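# Observations on chain architecture
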Amino acid sequence: MFTGLVEEIGEMRRIGRKGEAMLLSISASRIMEDLKLGDSVSVNGVCLTATTIDRGIFTVDVMPETYRNTNLKELQPGGKVNLERAMAAGGRFGGHIVQGHVDGVGVIRSVQADQNAVVYEIAPSQDDVFKYIIPKGSVTLDGISLTVVKTTDSSFTVSIIPHTLAETVLAYKKAGDTINIECDILGKYVDHLLHYGSEGAGSRRGTNPGISRDYLAEHGFA
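Parameters and conventions
Residues numbered from 1 in each chain as written. Predicted model: local features only at pLDDT ≥ 70, side-chain atom pairs only at ≥ 80, totals over all residues. Heavy atoms only, no water. Buried < 20%, exposed > 50% of the residue type's maximum accessible area, 1.4 Å probe, protein only. Helix = DSSP H or I, 4+ residues; strand = E, 2+ residues; numbered from the N terminus. Pairing = 2+ DSSP bridges. Salt bridge = Lys/Arg side-chain N within 4 Å of Asp/Glu carboxyl O. Polar contact = N/O pair within 3.5 Å; in protein donor to acceptor, adjacent residues only side chain to side chain. Contact = heavy atoms within 4.5 Å. Axes fitted to C-alpha atoms, helices over the stretch in contact; angles between N-to-C directions. Arc of directions from axis to C-beta.

### Some details on the pairing of strand β8 (residues 117–124)
For β8, the buried fraction is high: 7 of the 8 residues fall into the buried class. Connecting the antiparallel pair strand β7 (residues 104–114) and β8 is a turn made up of 2 residues, with Gln115 showing a positive phi of about 55°. Relative to strand β11 (residues 156–160), β8 is paired through 5 bridges, and the arrangement is antiparallel. Bridge pairing in β11 places Tyr120 opposite Val158.

### Some words on the pattern of salt bridges
Using the criterion set out here, one finds 12 salt bridges in the structure. A salt bridge links Glu11 to Lys80; the nearest nitrogen and oxygen atoms lie 3.5 Å apart. Residue Glu11 is found in strand β1 (residues 8–18), and its partner Lys80 is found in strand β6 (residues 80–85); the two are separated by 69 residues along the sequence. Residue Glu11 is classed as partly exposed on the basis of its relative accessible area of 31%. Residue class for Lys80 comes out partly exposed when judged on its relative accessible area of 33%. Two residues, Arg55 and Asp54, come together in a salt bridge whose shortest N-O distance is 3.4 Å. The network of salt bridges with common partners includes Glu7, Asp34 and Arg85.

### Re the side chain of Asp142
Inspection of the secondary structure assignment puts Asp142 in the loop between β9 (138–141) and β10 (144–151). A residue is classified by how much of its surface remains accessible, and Asp142, at 1% relative accessible area, is buried. Within the structure, Asp142 has its side chain in polar contact with the side chain of Lys173 (distance 3.1 Å). Ignoring any residue separated from it by four or fewer positions in sequence, one finds Asp142 in contact with Asn44, Gly45, Asn71, Asn82, Val169, Lys173, Ile179 and Asn180.

### Notes on the sheet that holds strand β2 (residues 21–27)
Spatially, the 6 strands close up into a barrel ordered β1-β2-β5-β4-β3-β6, and their pairing is antiparallel. With direction set aside, neighbouring strand axes in the sheet form an average angle of 45°. As paired strands, strand β4 (residues 46–54) and strand β5 (residues 57–62) are joined by 4 bridges and run antiparallel to one another. Paired with Asp54 across the strands is Ile57, a residue of β5.

### Considerations on helix α3 (residues 185–195)
Along an α-helix, a turn takes 3.6 residues, which lines up residues three or four apart on a common side. Three or more residues of α3 are buried, namely Ile185, Lys188 and Asp191. Angular distribution of buried residues about the axis of α3 spans 125°; they occupy a single face of the element. In α3, the exposed positions angled more than 90 degrees off the buried face are occupied by Leu186, Tyr189 and Leu193. Among the structural elements, β12 (178–183) are those in contact with the buried residues of α3.

### Overview of the pairing of β10
As paired elements, β9 and β10 share 4 bridges and run antiparallel to each other. From the neighbouring strand, Leu141 faces β10, where its bridge partner is Ile144. Taking the residues that link successive antiparallel strands as the turn, the β9-β10 hairpin has 2 residues, and the phi of Asp142 there is positive, at about 50°. Sheet analysis places β10 next to β11, joined by 3 bridges and oriented antiparallel. Paired with Lys150 across the bridge in β11 is Thr157. Between the end of β10 and the start of β11, which pair antiparallel, lie 4 residues.

Shown next, in the form of structure tokens:
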């Protein structure tokens, strides 16, 4: 589990590709202090496993499922990535609960200055991501814990302070670039529980009809 507080910006040193499988070699400094083989590392918001560690460089494997559903496929040697180690027990919980399980990829529509902040407008590529994006709610973008400012029918905005801009790859992002989106896990659990067993909720079928206005009215809640 992560918190969405990026520890440092790493650099892509080498990228091996075989079909939709990738082997990434990344140089870093701060996270290397206690990184061990098998440890989880968030790379641009994607939870990956350190498979080798050698003199400031670690490698991670990217399987086809991750390749298809994130923007890691767009990485090039020399590119920058956000890095965060898994949260240590007893550490400060400065962001929100981040799993490193990307829900979809968005496109940056615009980048605009707003006095001491920079506002990014993001358009998710998947419609089902939108139900978890709420004003003042939490969202993770390329591994960064952020707060949603406002939403429209097709996009949402986040406001970035100078420190976050300087310490993450957002400083290198521009309109038209892609970004990994992970929605708040609490919203996903609530949504699943409310709809579990209802038609279209998945392979499991039960008697739960889901929560609707009619259901609430029938049971005296509306």
